[in-house]
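Descriptive analysis of the structure
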Amino acid sequence: MSMDQLRWRPTVNERDFIERALQSDLRVDGRNSFDFRTLKITLGREDGTSEVQLGETRVMAYVTAQLVQPYRDRPNEGTLAIFTEFSPMADPAFEAGHPGESAIELGRSRAVDMESLCVVAGKQVWSVRVDLHILDNGGNLIDAANIAALAALSTFRRPECTVGGDDGQQVIVHDPEVRDPIPLTIHHMPIAVTFAYFGEGNIVVLDPTYKEEAVMGGRMTATINSNGDVCAIQKAGGEGVMSGVIMQCLRIASVKAADITSKIKKAVDSYTTEKDLKKVKRLPVSVPQKIHVTDVTMENKGDGELETQTQTAKTPSNVQQISKDPAPMVEASSEEDAQPVTDSSNAEAKSTSNPHGANGESDEAQEIGSPKSLKDAIKPKHKRKKKSGRS
Amino acid sequence: MESRRPPPSPFVENYVVPGDVVLDLSEMTNQTIKLGAGLRQECDTIQATSSGKLRLSKPNKYWVESSQKRYTPSVEDTVLGIVVDTKPDNFLVDIKGPNLAFLPVLAFEGGTRRNIPKFEIGTLIYARVVKANSIMNPELSCMDATGKAAEFGQLKDGYMFDTSTGMSRMLLSSPTCPVLEALGKKLSFEIAVGLNGRVWVNAPAPNTVILVSNAIIRSESLSGIKQRAMVENLLQKLT
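Okay, so let's go over this structure. (Residues numbered from 1 in each chain as written. Chains lettered and ligands numbered in written order. Predicted model: local features only at pLDDT ≥ 70, side-chain atom pairs only at ≥ 80, totals over all residues. Heavy atoms only, no water.)

1. A word on the side chain of B:Asn196
All names here are of chain B. Take Asn 196: it is sitting in the loop between β15 (190-194) and β16 (198-202). Of the residues examined, Asn 196 reaches a relative accessible area of 0% and is grouped as buried. From its side chain, Asn 196 meets the backbone oxygen of Leu 80 in a polar contact 2.9 Å long. Setting aside its immediate chain neighbours within four residues, Asn 196 contacts Tyr 71, Val 79, Leu 80, Ile 95, Lys 96 and Thr 165. (Helix = DSSP H or I, 4+ residues; strand = E, 2+ residues; numbered from the N terminus. Buried < 20%, exposed > 50% of the residue type's maximum accessible area, 1.4 Å probe, protein only. Polar contact = N/O pair within 3.5 Å; in protein donor to acceptor, adjacent residues only side chain to side chain. Contact = heavy atoms within 4.5 Å.)

What follows is the structure in structure tokens.
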């Protein structure tokens, strides 16, 4: 009885109104029929955690891994398991079951490479576990949960381990401080796109809100990746839909999936950049100013986004200040890429040192009389880019 | 002799948090101060127990006004409820409070056992709270104090959405809230505001309704000038 009391019911007025508005192609929050709500991906505190906000829906994902024995019929592969938790603060009366669909889709698809998770065939494999916490249910949990899980899996790093020991079978797990943890191998990103049907299957909208979900006649989720492969289609009950409508939905879904994939990738890239920056900064604390830093740090981070590391050079030549964070922007929202990070940290530089026309160029940053160590650290990557003297 | 009225607390019209000392009684003698919600007397001081804005109604009534999504029923509030169940004697109505409220079947103008209104589940009702305390289910009525209907009763058509209690109070304040004023200049619509954080809007065209409801939802944290600017923006986009 109390569950019934707590469950929100739509009034007759709302039901009629939403349907009537949809007849004239109007959605209650002013969107077009095939618009997603604003998507914001926050990656931040640790590797493997993400928080996604899709309109009013908020989902948080957390990835962990541990060594286990593999399944007998698949001795070479690790496992991926997805768990969802509903807290009453998300929705007063949560019925378990439906976001589990997204969990199933993500797990069933072969997005994450399982064989790379194998350590010792038949004995020890990595078991990756994704925990999804629903923080706020504003409608369309499946899509939000899917994006959160993908973002978290992309930034997750598992500890490196080698097989060694006396008998050659012992697995040594290396501390993250000693050896860098390695990312998971993700082949592709399956993105879930949910459609809601109203009025006997004639009217279709994308990304339903909470109220639209309560009033809709049926729902379909299509999981597509950016290559255009349809990974899964799920339609559980509800009204019947014509096949022509389904094909149209799939076409729209593939467009949206590409869009969302690029947003996730952007967020993950800028997050990775931030992390790399922090790693570089750690070294100068132990290295005296005059000596040029060894290239060790450069080799490890062999990816191309290091041009943004110029920010470390901009801090004044005080060793203590170098270790403070240049730009407190841990959040990588989907609309920004690394560029604004550079600007804000240069703005900070202006206040601490004499003003210079900072425009994100590494030359000018280096002119602040930063220690030689940092300049030399940046030099190898930038020799090809900046021809003018950095002095 | 100085004015008999106690000097107003320095916190009036400012935000207070629980524990703030709002008034010091040691200086005042022989004066009565009336305390409303959110205030408590501790020996010689008056302290706030909930966070919100401290309000003063001359000469001597103080209370703390806070804005939440949940509603605490109190008498004489007009609220919008959703019918959840019907019983022989009452309708069970959800008013966003901790308990369901009872609406007696006879609490309508000219209501007798013969003409009981038929409300199906999900009907939206505009009613007045008659009895409310924390232990029992509150009781509603669709008549005003004199027994007339006075706009209470079922609301037909239109669209309803939820806001916070502070927003409802702002919408009902006089002089008219800036967003409603700006919308009313260009559009014609009907609106019913419940103090429990529910608002109902009706207009002949659906896109007017959508515009009005979105404008109200977005104006919660904006100042008066910004509200007007936002409404202008929205109206321009439509036309």
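2. Comments concerning the sheet that holds β15(B)
All names here are of chain B. A sheet is described by the order of its strands in space; here three strands give the open sequence β14-β16-β15, paired in antiparallel fashion. Whereas interior strands pair on both sides, the edge strands pair on one side only; in this sheet they are β14 (159-162) and β15. Between one strand axis and the next, the sheet turns through 15° on average, direction left out of account. With five bridges connecting them, β15 and β16 associate as antiparallel partners. In the strand pairing of β16, Ile 191 is matched with Val 201. (Pairing = 2+ DSSP bridges. Axes fitted to C-alpha atoms, helices over the stretch in contact; angles between N-to-C directions.)

3. Some thoughts on the sheet that holds strand β1 (residues 15-16) of chain B
Two pairing modes exist for strands in a sheet, parallel and antiparallel, and in both the strands are linked by backbone hydrogen bonds. Residues and elements named next belong to chain B. With mixed pairing, four strands are arranged side by side in an open sheet as β1-β6-β7-β3. A single partner strand is all that each edge strand has here, and the edge strands are β1 and β3 (34-35). Bridge count for β1 against strand β6 (residues 52-57) is two bridges, and the pairing is antiparallel. Residue pairing in the sheet places Tyr 15 in a bridge with Lys 53 of β6.

4. Focus on the packing of helix α3 (residues 206-218) of chain B against helix α4 (residues 224-238) of chain B
Residues and elements named next belong to chain B. In contact at an axis separation of 10 Å, α3 and α4 are set at 155° when each is read in the N-to-C sense. With respect to their mutual orientation, α3 and α4 come out roughly antiparallel. α3 and α4 meet at a crossing whose hand is right-handed. Residue-level inspection shows Asn 207, Leu 211, Ala 215 and Arg 218 of α3 in contact with α4, the latter providing Met 230, Leu 234, Leu 235 and Leu 238. The class makeup of the residues in the contact of α3 with α4 is six nonpolar, one polar and one charged. (Parallel < 35°, antiparallel > 145°, perpendicular 65-115°, else oblique. Left-handed = near helix turned anticlockwise from the far one by under 90°. Nonpolar A, V, L, I, M, F, W, Y, C, P; charged D, E, K, R; others polar.)

5. Considering the pairing of strand β13 (residues 218-224) of chain A
All names here are of chain A. Within β13, seven of the seven residues are buried, which leaves the element mostly enclosed by the surrounding structure. Because side chains alternate across β13, one face comprises the buried residues Gly 218, Met 220, Ala 222 and Ile 224, and the other comprises Arg 219, Thr 221 and Thr 223, equally buried. As defined by bridge partners, strand β11 (residues 191-198) adjoins β13 across seven bridges and the pair is classed as antiparallel. Bridge pairing in β13 places Ile 191 opposite Ile 224.

6. Digging into the interface of chain A and chain B
On the side of chain B, 23 residues touch chain A, which itself brings 19 residues to the contact. Buried area between chain A and chain B, both sides added, is near 1700 Å², and the carbon and sulfur share of it is 62%. Per-residue buried area on chain A facing chain B is highest for A:Arg9, A:Asn13 and A:Phe17; these three make up 32% of the total on that side. Our count for the contact surface shared by chain A and chain B stands at zero salt bridges. On inspection of chain A and its partner chain B, the count reaches five residue pairs in polar contact (both at pLDDT 80 or more). Considering only residue class, the side of chain A that touches chain B consists of eight nonpolar, five polar and six charged. (Buried area = accessible area lost by both parts, 1.4 Å probe. Salt bridge = Lys/Arg side-chain N within 4 Å of Asp/Glu carboxyl O.)

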